[in-house]
Amino acid sequence: MIRTMRDVIVAANWKMHTTPADAGELALVIAGRTRVPGVIRVICPPFVCLAAVGRALAGADGDVGVGAQNLHHEVQGAYTGEVSAAMLVGLATWVIIGHSERRRDAGETDELIGRKLGRAVDAALRPILCVGEQLEEREMGQASLVVRRQLQGAVGPHDPARLSAAGLVIAYEPVWAIGTGRTASGADAATMAGVVRETMGELGFPDHGEMIPVLYGGSVTSSAIDEFMAEPSIDGALVGGASLKPDEMAGIVARAGVTAAARGQTG
Ligand code: PGA
């Protein structure tokens, strides 16, 4: 895939919410409320809701991507309860990798996350790789250091041209902003987007990492989104809690659409 401009993306991370009985309807309502030129929309429901969401959206006009929230780092094997990249093919075209809740709850390391990244790309799933510092790390002035280390660990082992061609997206999500109602400032998020691209450049990404979409995540709402979308280095949002609310998603995607229009993205 050749890209000449960075995509504007709003991705919904539904986490452990919705059931196969209600996820399709919610996805359909959100799809209908967020038809905005130039903004790529992605809905990431729980694994068991992927089929229902895919079915519901297949009938909707305007294309909305479907993503998984995780995948396993091995191709197959004796891993009870796990889901491989190949199992997602046909159900999802995107996948969130390395979310801080998985780093925290499942002990995912940068090395493991890097392997997941490889599986995603092998299966032609477009990865959204999450990075971000803890509160103490920010307070100690180590936010940039932490994000650099996360990227070096997860992205470093891969061929940059291949990840770039797979459309790798980075979501900068400061851990202390996730689900807390407290956001980073637009300026801090922009600084961190700069750190992400600089690091990607050092890792050998084409165009010094300038073509990598960087999303902000952490307590994004329709009223908080403006501060981030006003920053030229921020290309959209990864939305948790607010992504279950159609009104909120409508506001968030509409604001992302203003940025897309200003960049001349209308497709
Ligand atoms: P939040 O979650 O919007 O509820 O803070 C964001 C995320 O975890 O991706």
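Scroll up to find the structure this text is about.
The following paragraphs examine the structure supplied in this document. (Residues numbered from 1 in each chain as written. Predicted model: local features only at pLDDT ≥ 70, side-chain atom pairs only at ≥ 80, totals over all residues. Heavy atoms only, no water.)

## Comments concerning unusual backbone geometry
The bulk of non-glycine residues show a negative phi, and the bulk of peptide bonds are trans.
For step 1, the next point in the chain: Even without glycine at this site, aspartate 207 takes up a positive phi of about 55°.
For step 2, the next point in the chain: Note that aspartate 207 resides in the loop between helix 9 (186-202) and strand 7 (214-217).
For step 3, the next point in the chain: For serine 219, which is not glycine, the phi dihedral falls at a positive 60°.
For step 4, the next point in the chain: Relative to the elements of secondary structure, serine 219 occurs in the loop between strand 7 and helix 10 (225-229). (Helix = DSSP H or I, 4+ residues; strand = E, 2+ residues; numbered from the N terminus.)

## Thoughts on the site of the ligand
For step 1, the next point in the chain: Taken together, 14 residues sit near the ligand, with Lys15, His99, Glu173, Gly179 and Ser219 positioned nearest.
For step 2, the next point in the chain: Histidine 99 has a polar side-chain atom sitting 2.6 Å from an oxygen atom of the ligand.
For step 3, the next point in the chain: At a separation of 2.6 Å, an oxygen atom of the ligand approaches a polar backbone atom of glycine 179.
For step 4, the next point in the chain: For the ligand, whose unbound accessible area comes to 280 Å², protein coverage reaches 95%.
For step 5, the next point in the chain: When grouped by side-chain class, the residues that make up the shell around the ligand number 5 nonpolar, 7 polar and 2 charged. (Near = heavy atom within 4 Å. Polar contact = N/O pair within 3.5 Å; in protein donor to acceptor, adjacent residues only side chain to side chain. Areas by Shrake-Rupley, 256 points an atom, 1.4 Å probe, with all protein chains shown as cover. Nonpolar A, V, L, I, M, F, W, Y, C, P; charged D, E, K, R; others polar.)

## Considering the packing of aromatic side chains
For step 1, the next point in the chain: Counted by the stated rule, this structure contains 2 aromatic pairs.
For step 2, the next point in the chain: Between tyrosine 172 and tyrosine 216 the ring centres are 6.5 Å apart and the planes differ by 55°, which places this aromatic pair in the tilted class. Of this pair, tyrosine 172 sits in strand 6 (residues 169-172) while tyrosine 216 sits in strand 7, and the two are 44 residues apart along the sequence. Neither residue differs from the other here; tyrosine 172 and tyrosine 216 are each classed as buried.
For step 3, the next point in the chain: With a centroid separation of 3.9 Å and an interplanar angle of 5°, the aromatic rings of tyrosine 216 and phenylalanine 228 are classed as stacked. Highlighted residues: tyrosine 216 in strand 7 and phenylalanine 228 in helix 10, separated in sequence by 12 residues.
For step 4, the next point in the chain: Of the residues examined, tyrosine 216 reaches a relative accessible area of 1% and is grouped as buried.
For step 5, the next point in the chain: Classification of phenylalanine 228 by relative accessible area gives buried; the value is 1%.
For step 6, the next point in the chain: Joined through ring pairs, the aromatic side chains of Tyr172, Tyr216 and Phe228 make up one cluster. (Phe/Tyr/Trp six-rings, centres within 6.5 Å; stacked < 30°, edge-to-face > 60°. Buried < 20%, exposed > 50% of the residue type's maximum accessible area, 1.4 Å probe, protein only.)

## Comments concerning the pairing of strand 7
For step 1, the next point in the chain: Across the two faces of strand 7 the burial is the same, with Val214 and Tyr216 and Leu215 and Gly217 all buried.
For step 2, the next point in the chain: Here strand 6 runs beside strand 7; their pairing, made up of 3 bridges, is parallel. Bridge pairing links tyrosine 172 to tyrosine 216 in strand 7.
For step 3, the next point in the chain: Assessed by its sense of winding, the connection that carries the chain from strand 6 through helix 9 to strand 7 is right-handed. (Pairing = 2+ DSSP bridges. Right-handed = clockwise from strand over helix to strand, strands pointing away.)

## Section: the sheet that holds strand 6
For step 1, the next point in the chain: Overall, parallel pairing links the 8 strands, which are arranged 1-2-3-4-5-6-7-8 in a closed barrel. Neighbour-to-neighbour, the strand axes of this sheet turn through a mean angle of 25°, independent of strand direction.
For step 2, the next point in the chain: Pairing of strand 1 (residues 8-13) with strand 2 (residues 39-44) involves 6 bridges; the strand directions are parallel. Residue asparagine 13 lies in a different strand from strand 2, and its bridge partner there is cysteine 44. (Axes fitted to C-alpha atoms, helices over the stretch in contact; angles between N-to-C directions.)

## With respect to the state of the cysteines
For step 1, the next point in the chain: For the structure on display, the rule yields 0 disulfides.
For step 2, the next point in the chain: Not part of a disulfide, cysteine 49 finds its nearest cysteine sulfur in cysteine 44, a span of 12 Å.
For step 3, the next point in the chain: Judged by relative accessible area, cysteine 49 falls into the buried class, the value being 0%.
For step 4, the next point in the chain: Not part of a disulfide, cysteine 130 finds its nearest cysteine sulfur in cysteine 44, a span of 9.3 Å. (Disulfide = S-S within 2.5 Å.)

By themselves these figures say nothing about function.
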